[in-house]
Amino acid sequence: MISRSRIIVGCAVLIFFVVAGLGLRARLDARHLAKEAGAFRVRAEQGDADSQFNLGSVYYHGRGLPRDDTQAAFWFRKAADQGYAQAQFGLCSLYRDGRGVPRDYAEAERWCQKAAEQGEAKAEDGLGYMYFQGQGVAKDYALAIAWYQKSAAQGYADAEYDLG
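Okay, so let's go over this structure. As the structure is a computational prediction, the values presented were derived from the model and not from experiment.

Digging into the overall build of the protein
Each helix and strand in the protein was counted, giving eight helices and zero strands. Helices (α) and strands (β) of the protein occur, in sequence order from the N terminus, as α-α-α-α-α-α-α-α. Counting the 164 residues in the protein, one finds 37% classified as buried. Across the protein, every contact between residues at least 6 apart in sequence was considered, and the portion connecting residues at least 24 apart equals 40%. Approximately 9800 Å² of the protein is accessible, and the part contributed by carbon and sulfur atoms is 56%.

Re the nonpolar core
Counting residues in each nonpolar core, the largest one holds 37 residues, and the members touching the most others are Phe 76, Ala 87, Leu 91, Cys 92, Leu 94, Cys 112 and Leu 127. Of all elements in the fold, only helix 1 (4-45), helix 2 (49-61), helix 3 (69-80), helix 4 (85-97), helix 5 (105-117), helix 6 (121-133) and helix 7 (141-153) reach the threshold of two or more residues within this core. The biggest single contributor to this core is helix 4, with seven residues. Those residues within four positions of Phe 76 in sequence are excluded, and the remaining contacts are Phe 53, Gly 56, Ser 57, Tyr 60, Ala 87, Gly 90, Leu 91 and Leu 94.

How each quantity is defined
- Residues numbered from 1 in each chain as written.
- Predicted model: local features only at pLDDT ≥ 70, side-chain atom pairs only at ≥ 80, totals over all residues.
- Heavy atoms only, no water.
- Helix = DSSP H or I, 4+ residues; strand = E, 2+ residues; numbered from the N terminus.
- Buried < 20%, exposed > 50% of the residue type's maximum accessible area, 1.4 Å probe, protein only.
- Contact = heavy atoms within 4.5 Å.
- Areas by Shrake-Rupley, 256 points an atom, 1.4 Å probe, with all protein chains shown as cover.
- Core = buried A, V, L, I, M, F, W, Y, C linked by side-chain atoms within 4.5 Å.

The values reported here are purely geometric and, on their own, carry no functional implication.
Written as structure tokens, this is what we have:
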């Protein structure tokens, strides 16, 4: 018969190895993300809009590199100026929230409009919200509903909720 103390020690050892394994995985994931961010930077500096957006996202979320909203805005703008809809919406979010750039609802609306006109579902929903709240635009429930509907038609769940 196994003693109670051996079971406790066995469980403790098992828990230790599980926790240690999770810590190792987190460190490996962080290293992988940092390496990936380096690859994004090389291509971003060469003018690749997709890499500029991805590098901006790395800074925006702080995954692989420390969170840096100013750098996120810099790289999003590079891609947004090339017509990259997701980066345009990223800039919209930064201006709306005043992260890395001064809060500016009119500038947020401008970037959101550009992305929404390209069919970016998050931007369509965001633009609907701006019209609903009157952020950077005059309050207009009809336009809010129209933008929510466009986004919801793409299956974007937040827009479906907002529309409800």
